[in-house]
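Breakdown of the fold
For reference, the chains in residue letters:
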Amino acid sequence: MVIAAVVAAGMWMFVQRELDFREELETRPLPEGLHPIVGQKTEELAGLAAKQGIRIEVTDGFRSHDEQDQLFAQGRTTYGPVVTHARGGQSYHNYGLAIDYAIRTTDGRLVWDTGYDGNGNGKSDWFEVADIAKELGFEWGGDWSGFKDYPHLQMTFGLSTSELDAGWRPEDTDKYEVMAGKSE
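Predicted model, so just to flag it, every value in this text is computed and none were measured.

Glancing now at the packing of aromatic side chains. On inspection of all chains with the given rule, the structure shows four aromatic pairs. Judged by centre distance (4.8 Å) and plane angle (25 degrees), the rings of Tyr101 and Trp126 are stacked. With Tyr101 in strand β2 (residues 98–104) and Trp126 in helix α4 (residues 125–135), this residue pair connects regions lying 25 residues apart in the sequence. With relative accessibility at 0%, the residue Tyr101 sits in the buried group. Plain terms: the ring middles of Phe127 and Trp140 are 5.4 Å apart, the flat faces sit at 85 degrees to each other, and that makes the pair edge-to-face. Taken together, the residues Phe127 in helix α4 and Trp140 in strand β4 (residues 139–140) connect sequence positions 13 residues apart. The exposure class of Phe127 is partly exposed, given its relative accessible area of 34%.

In C-alpha cells, the structure reads:
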C-alpha cells in the first residue's frame, strides 16, 4: 500500500511538471536575435577562416517571420530570384539559429562564387569555410539533398522548426549542454 502511494505520488509529480512545462512553452516569446552560441561559433568560424587566409562576411543572421515571408515572396509574387523555400516560422533564421555568409575578396568585394580560391591553395574557399563550420557544429545548406543553400549555416540543437515554433529552445536539449561546453 505504501509503495503504491509513493509510486502514485511520483507519477503525479512527473505529470504535473510536464503539464507546467507544456504551459510554459505556449507562453515563451519568439527570439529576437541571434542565439548566443550561434554568435560565438560564428566568431570562431571567422577567426579560423582568417587563419586559412579566408575572410568571411555574415550577410544575414536573425530574421523575423515577416522578413522571412518577404524573402519567400521573392521570385514568386515579387521581383527577383527564388532564394528560399521557407516561409516565416519555417527557417532556423527565425529562431536565431542560422546565418548566411559570403567570401570577401582581397580587393574587398563580396562573392558567392563557390569556386573562388582567394587564398590560392587549390581548394574552394567556400568549401573550406563549410568544413570549418561543420567542425564547429554547424549544419551546411550545401549538404542538403534538394535545394542547395551554399551560403547557409545553421545549428538546430536537434530541434525542428515546428518544435521551435511551439516554444522549445536549444536550452531544453542535451545538445545545448554540449555546444555550450558544459558537458562532454
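Inspection of the secondary structure assignment puts Gln154 in strand β5 (residues 152–154). Polar side-chain contacts of Gln154 include one of 2.7 Å to the side chain of His152. Beyond its immediate stretch of four places on either side in the chain, Gln154 contacts Tyr92, Leu97, Ala98, Gly137, Phe138, Glu139 and Trp144.

Another aspect to go through is the nonpolar core. Note on soluble globular proteins: their nonpolar side chains tend to be buried together. Formed by 28 residues in total, the largest nonpolar core has its most connected members in Leu45, Ile56, Tyr101, Ile103, Val129 and Leu153. Those elements that provide at least two residues to this core are α2 (36–51), β2 and α4. The greatest single-element share of this core, amounting to five residues, is contributed by α4. Once residues lying within four places of it in the same chain are set aside, the contact partners of Ile103 are Ile54, Arg55, Ile56, Arg109, Leu110, Val111, Tyr116, Asp125, Trp126 and Val129.

To continue, consider the pairing of β2. Most of β2 is tucked away: six of the seven residues are buried. With five bridges joining them, strand β1 (residues 55–60) and β2 adopt antiparallel strand pairing. Note on β2: the bridge partner recorded for Val58 is Tyr101. When β2 meets β5, the two strands line up antiparallel, connected through three bridges. When the bridges of β5 are listed, Ile99 appears paired with Leu153. Here two bridges tie β2 to strand β3 (residues 110–111), and the two strands are oriented antiparallel to one another. From the neighbouring strand, Ile103 faces β3, where its bridge partner is Val111. Between the end of β2 and the start of β3, which pair antiparallel, lie five residues, with Gly108 showing a positive phi angle near 95 degrees.

Quick look at the environment of Arg87 now. Its location among the elements puts Arg87 in the loop between α3 (65–73) and β2. Measuring from C-alpha to C-alpha, the distance between Arg87 and Glu67 comes to 9.3 Å, with 20 residues separating the pair along the chain. Once you skip the residues sitting within four places of it in the chain, Arg87 turns out to touch Gln68, Asp69, Phe72 and Asn94.

Quick look at α2 now. With 16 residues, α2 extends 23 Å between its outermost C-alpha atoms, agreeing within 8% with the 22 Å of an ideal straight helix rising 1.5 Å per residue. By the burial criterion, the buried members of α2 are Ile37, Val38, Gly39, Lys41, Thr42, Leu45 and Ala49. At the C-terminal side of α2, Gly53 shows a positive phi close to 80 degrees.

This paragraph deals with the packing of α2 against α4. The description of two packed helices rests on the angle between their axes and on the distance between the axes. Where α2 meets α4, the closest approach of the two axes is 10 Å, and the angle between their N-to-C directions is 135 degrees. Between α2 and α4, the angle falls in the class oblique. Read as a crossing pair, α2 and α4 show a hand that is right-handed. For the pair α2 and α4, contact is made by Leu45, Leu48 and Ala49 and by Val129, Ile132 and Ala133, respectively. Tallied by class, residues from the contact of α2 with α4 come to six nonpolar, no polar and no charged.

Definitions and limits used
Residues numbered from 1 in each chain as written. Predicted model: local features only at pLDDT ≥ 70, side-chain atom pairs only at ≥ 80, totals over all residues. Heavy atoms only, no water. Phe/Tyr/Trp six-rings, centres within 6.5 Å; stacked < 30°, edge-to-face > 60°. Helix = DSSP H or I, 4+ residues; strand = E, 2+ residues; numbered from the N terminus. Buried < 20%, exposed > 50% of the residue type's maximum accessible area, 1.4 Å probe, protein only. Polar contact = N/O pair within 3.5 Å; in protein donor to acceptor, adjacent residues only side chain to side chain. Contact = heavy atoms within 4.5 Å. Core = buried A, V, L, I, M, F, W, Y, C linked by side-chain atoms within 4.5 Å. Pairing = 2+ DSSP bridges. Expected span 1.5 Å × (residues − 1). Axes fitted to C-alpha atoms, helices over the stretch in contact; angles between N-to-C directions. Parallel < 35°, antiparallel > 145°, perpendicular 65-115°, else oblique. Left-handed = near helix turned anticlockwise from the far one by under 90°. Nonpolar A, V, L, I, M, F, W, Y, C, P; charged D, E, K, R; others polar.

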